[in-house]
Amino acid sequence: MPRKRKLLAQLSALQSNSSFPPFDALENPNATPDGDSSPKSSKYFAIEKKNSSQLEDDFFNQPCISLAKSFLGQILVRKLPDGRELWGRIVETEAYLGGEDEASHSKGGKQTQRNAAMFMKPGTLYVYQIYGIHFCVNVSSQGEGAAVLLRSLEPLQGLDAMRELRSASKKGPTKLLKDWQLCNGPSKLCQAFGIDKAFDQRDLTQDAAIWMAPGHDLPGEQDVVATTRIGIGNRGEWAQKPLRFYLRGNKFVSVVDKKREREMAAMGHFSCS
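All values reported here derive from a predicted model rather than from experimental measurement.

Novice: How would you sum up the overall build of the chain? Please name residues and give values.
Specialist: Check the secondary structure of the chain and you find 6 helices and 8 strands. Taken from N to C terminus, the helices and strands of the chain fall in the order α-α-α-β-β-β-β-β-α-α-β-β-β-α. Out of the 273 residues belonging to the chain, those deemed buried represent 49%. A fraction of 69% describes how many contacts in the chain between residues 6 or more apart in sequence connect residues 24 or more apart. Of the roughly 13600 Å² that the chain leaves accessible, carbon and sulfur atoms contribute 51%.

If you want it as structure tokens, here you go:
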């Protein structure tokens, strides 16, 4: 497919190009008073960087909503112990603002051993387990206890390895997963990329096994759908806030909100298809 070839060509370009596009900063909804309150980084994962083309501290140091949007189109890279690299383009995210956000694990500023990564420097991974089985991966941002959930990826490289990892997480024989089924959900992408609790509190700018590379042809505002988050239950007004962001028309997104897309088209955000 032409688009697939184009993305693969961009992967080759990333190996030799360390620059990444600028992004627009949004107003920080979680601004904190001045003082000695800078986020801390984990002492356990101070690993020397080995990647010349990756997103650095300045990129991650954004307000949560801004970072959630800026992630769209960027590339998550995972280097397996055997040296194989998995590449996935981020196509869906959710912002969790901390503080008053009733759906956030850090609501009310509550800091625990489990959610400590949400209070660390921007770019720190927060990995937690759901249902005692599956994992979800988040990235800390500016703002006390704020983080972005990575919901879906478009697989680009290492798809066979992703299938192996997905199959290994299931009991008994499994059907061969199609490309769009590999990473279209937060737990699925963690399985496909071999991300578990051992990755909690790791720094994306310093780790040799996982990092982010700059994407090319990044989406504009007209390409991004803003809608409600998934599976947060009864959280009052916070359940209705448009804090989930995905690339319109991308088949690797976990859940498409056609109603919201029509509403945004009516407001002139993009044309109807």
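Novice: Hey, could you go over the pattern of salt bridges for me, with residue numbers and the actual values?
Specialist: One pass over the full model with this rule turns up 19 salt bridges. Between Glu-92 and Arg-244 there is a salt bridge, with its nearest N and O atoms 2.7 Å apart. Placement of the pair is Glu-92 in strand β2 (residues 85-96) and Arg-244 in strand β8 (residues 244-247), with a sequence separation of 152 residues. Each of the two residues, Glu-92 as well as Arg-244, counts as buried. The network of salt bridges with shared partners includes Glu-92, Glu-94, Arg-151 and Arg-244.

Novice: Run through the packing of aromatic side chains, naming residues and quoting values.
Specialist: One pass over the structure, following the stated rule, counts 4 aromatic pairs. Where Phe-59 meets Phe-60, the ring centres are 5.3 Å apart and the plane angle is 90°; that geometry is what we call edge-to-face. Given the relative accessible area of 1%, Phe-59 is considered buried. Relative to Phe-71, the ring of Phe-59 has its centre 5.9 Å away and its plane inclined at 40°; by these criteria the two rings are tilted. One end of the pair, Phe-59, is in helix α2 (residues 57-60); the other, Phe-71, is in the loop between α3 (64-70) and β1 (75-79), with 12 residues separating them in the sequence.

Novice: Give me helix α6 (residues 258-266): which residues, what numbers.
Specialist: Of the residues making up α6, those classed as buried are Glu-261, Met-264 and Ala-265. Relative to the axis of α6, the buried residues are bounded by an arc of 100° and lie together on one face. Residues of α6 that are exposed and point over 90 degrees away from its buried face: Lys-259, Arg-262 and Ala-266. Residues of α6 that are buried sit in contact with β7 (224-227) and β8.

Novice: Requested: an account of the pairing of strand β6 (residues 210-213), with residues and values cited.
Specialist: In β6, alternate side chains face the same way, and those of Ile-210 and Met-212 on one face and Trp-211 and Ala-213 on the other are all buried. As defined by bridge partners, β1 adjoins β6 across 4 bridges and the pair is classed as antiparallel. In the strand pairing of β6, Leu-76 is matched with Met-212.

Novice: Could you give an account of the confidence of the model for the chain, naming the residues involved and the relevant values?
Specialist: Scored by pLDDT, the chain comes out at a mean of 84, with 79% of its residues at no less than 70. Contacts from residues 14-50, a stretch scored under 50 in pLDDT, to residues over four places away or in other chains number 72 contacts.

Novice: Requested: an account of the side chain of Ser-106, with residues and values cited.
Specialist: Mapped onto the elements of the fold, Ser-106 is located in the loop between β2 and β3 (125-130). For Ser-106, the side chain forms a polar contact with the side chain of Ser-104, separated by 3.0 Å. In contact with Ser-106, not counting residues within four places along its chain, are Gly-98, Gly-99, Asn-115, Met-118, Phe-119 and Gly-145.

The rules behind the values
- For every chain, the first residue of the written sequence is number 1, and numbering continues from 1 along that sequence.
- Owing to the predicted nature of the model, reporting of local features is limited to residues with pLDDT of at least 70; listing and counting of side-chain atom pairs is limited to 80 or more, with chain, interface and lining totals taken over all residues.
- To obtain the side-chain values, all non-hydrogen atoms of the structure were used and water was disregarded.
- The numbering of helices and of strands both runs from the N terminus, where a helix is a DSSP run of H or I of at least 4 residues and a strand a run of E of at least 2.
- Categorising residues by exposure relies on relative accessible area from a 1.4 Å probe, with only protein chains included: less than 20% of the type maximum marks a residue as buried, more than 50% marks it as exposed, and the intermediate range marks it as partly exposed.
- By definition in these notes, contact holds between two residues if any of their heavy atoms fall within 4.5 Å.
- All accessible-area figures derive from a Shrake-Rupley calculation using a 1.4 Å probe, and residue coverage is judged against the displayed protein chains alone.
- Salt-bridge detection follows one rule: a side-chain nitrogen of Lys or Arg within 4 Å of a carboxyl oxygen of Asp or Glu.
- Here a Phe, Tyr or Trp ring, Trp counted by its six-membered ring, pairs with any other such ring whose centre lies within 6.5 Å, and the pair is stacked when the planes are under 30 degrees apart, edge-to-face when over 60, and tilted otherwise.
- Each C-beta atom gives one direction from the helix axis, and the arc is the one those directions make.
- Two strands qualify as a pair provided that DSSP identifies no fewer than 2 bridges between them.
- On a range of 0 to 100, pLDDT expresses the predictor's confidence in each residue.
- Any N or O atom pair separated by 3.5 Å or less is treated as a polar contact, with the protein-specific requirement of one donor-capable and one acceptor-capable atom, and with residues adjacent in sequence counted only for side-chain atom pairs.

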